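Observations on the three-dimensional arrangement
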Amino acid sequence: MGNAINVALIKGDGIGVDVASAAIHVMEAALAKVGEPKPVYDDIKAGAGYYKETGRDIEADGEKRAGDADAIFLGAIGLPSVRYKDGTEVSPHLRLRDRFGLYAGVRPVKAYPNAPQRLADPRAGAIDLVILRESTEGLFYSAAAHGRSLLVTDDEVQDILRITRPTTTRLHHFAFGLAQKRKQRGKSGKLTCVDKANVFTSMAFFRKIFDEVRVNFPDVEVGYNYVDAQALDLVRKPWEFDVLVTENMFGDILSDLAGGLVGGMGMAACAEIGDSVGLFQPAHGSAPDIIGQDKANPLAAILSASLMLDYLAAKLENPRLGDASVLIEDAVDRGFAQNLLRPIEFGGNMGTVSVTERVVALIAE
């Protein structure tokens, strides 16, 4: 048995509290199955509710404590009715990305049997791709949380789209490495650079660095797509793609579009990975319309916990954590294949608690 992992836990707002608790329950069941102890949690208060109560969006030492943990797990942050003075939603997690250099935003997109398929083509049942979104720069460099806008007046606002060589080089190395890993696991391993290099100098720079890194990975098949064409292709032929690497805002939009193809945001797991810190969260919001109703689909959070265990297996050199990650993935796969997972989000009859308990039972098997 290894040492207990240390997790900075930010449950946040709305259904974030419920789905984070669900993910913890499933993660602990998987860890127990492989003989690993329960994690040690550092509960950090943050989010719109905390801001409304205290005027702070995260505890005074919360950011440092988050960085000191082995990994950060986040439920959801933000409530439309609670905003900063500038009118934007509360978003301390954007500062965490920036502070710890979490440049690699990993968004898996996978179709499951017996889950809704929005496309009529039967090939849509085999969708299995990853959108890799740079998560610290791009247009989000000017997110209000950072105070970096060039000009803010009542007549005009100017924001910056920033692409730097160090960050983009790390991103593309991560992308090629991810493509190689997926090829080893039987996927196509094709890597597509998604940009708008025909219009923006910053995007041409993004592609230039991609091509520079490409020479180090001659075994990886590559492709190129402008972001508008990529949005179209995700509807026309998403089964032809495996890994997409793109700028921050483009990735934000494309990952939601892709999530809709495989059922909805309740399946949208997310990892934000840097050189020494990783943050894991469902990509959906706090869903204030269903707070406290046992209707939230916890699978995005549960699958994010699986991503966290896979990350920690490498970081802490403990392969049993990777085994626990696989247990969770397999349980979700079998649950859908056997029609045992029927979330309310998909028109089923299983709420947050029921879905969670079913995944735990499948792990126990």
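Everything that follows concerns the structure shown earlier in this document.
In this text the structure is predicted, and so the values were computed from the model without any measurement.

This paragraph deals with the overall build of the chain. Secondary structure assignment for the chain yields eleven helices and twelve strands. For 365 residues, the compact-globule formula gives about 21 Å, and the C-alpha radius of gyration of the chain, at 20 Å, lands near that figure. On the principal axes, the C-alpha backbone points of the chain span a range of 55 × 50 × 40 Å. Classification of the 365 residues of the chain by burial places 55% in the buried group. By sequence separation, contacts in the chain at least 24 residues apart represent 75% of the contacts at least 6 residues apart. About 15,500 Å² of surface is accessible on the chain, with carbon and sulfur atoms providing 51% of the total. Of the charged side chains in the chain, 40 are positive and 49 negative; the average position of the first set lies 2 Å away from that of the second.

Now for the environment of Ala324. If you trace the backbone, Ala324 turns up in helix α10 (residues 319-337). Here Ala324 falls in the buried class, since its relative accessible area comes to 0%. As a C-alpha pair, Ala324 and Ser306 span 18 residues in sequence and 7.5 Å in three-dimensional space. If near-sequence neighbours (up to four positions away) are discounted, Ala324 is found in contact with Ala30, Leu31, Val34 and Leu309.

The next thing to look at is the pairing of strand β8 (residues 191-195). Buried residues dominate β8, accounting for five of its five residues. Here β8 shows no split at all, with Leu191, Cys193 and Asp195 on one side and Thr192 and Val194 on the other all buried. Here β8 pairs with strand β9 (residues 222-226) via five bridges, running parallel. By the bridge assignment, Val194 is partnered in β9 with Asn225. On the question of chirality, the crossover connecting β8 to the parallel β9 by way of helix α6 (residues 201-214) is right-handed. The pairing of β8 with strand β10 (residues 243-246) spans four bridges and is parallel. Bridge assignment links Thr192 to a residue of β10, and that residue is Leu244.

Quick look at the packing of helix α1 (residues 16-33) against helix α9 (residues 299-315) now. For the pair α1 and α9, interaxial distance at closest approach is 8 Å and the crossing angle is 45°. With respect to α9, the element α1 is oriented oblique. For the pair α1 and α9, the crossing hand works out as right-handed. Contacts between α1 and α9 involve Val19, Ala22, Ala23, Val26, Met27 and Leu31 on the former and, on the latter, Ala301, Ile302, Ala305, Met308 and Leu309.

About the criteria used
- Residues numbered from 1 in each chain as written.
- Predicted model: local features only at pLDDT ≥ 70, side-chain atom pairs only at ≥ 80, totals over all residues.
- Heavy atoms only, no water.
- Helix = DSSP H or I, 4+ residues; strand = E, 2+ residues; numbered from the N terminus.
- Rg over C-alpha atoms; globule rule 2.2 N^0.38 Å.
- Buried < 20%, exposed > 50% of the residue type's maximum accessible area, 1.4 Å probe, protein only.
- Contact = heavy atoms within 4.5 Å.
- Areas by Shrake-Rupley, 256 points an atom, 1.4 Å probe, with all protein chains shown as cover.
- Lys, Arg positive; Asp, Glu negative; His and termini not counted.
- Charge placed at Lys NZ, Arg CZ, Asp CG, Glu CD.
- Pairing = 2+ DSSP bridges.
- Right-handed = clockwise from strand over helix to strand, strands pointing away.
- Axes fitted to C-alpha atoms, helices over the stretch in contact; angles between N-to-C directions.
- Parallel < 35°, antiparallel > 145°, perpendicular 65-115°, else oblique.
- Left-handed = near helix turned anticlockwise from the far one by under 90°.

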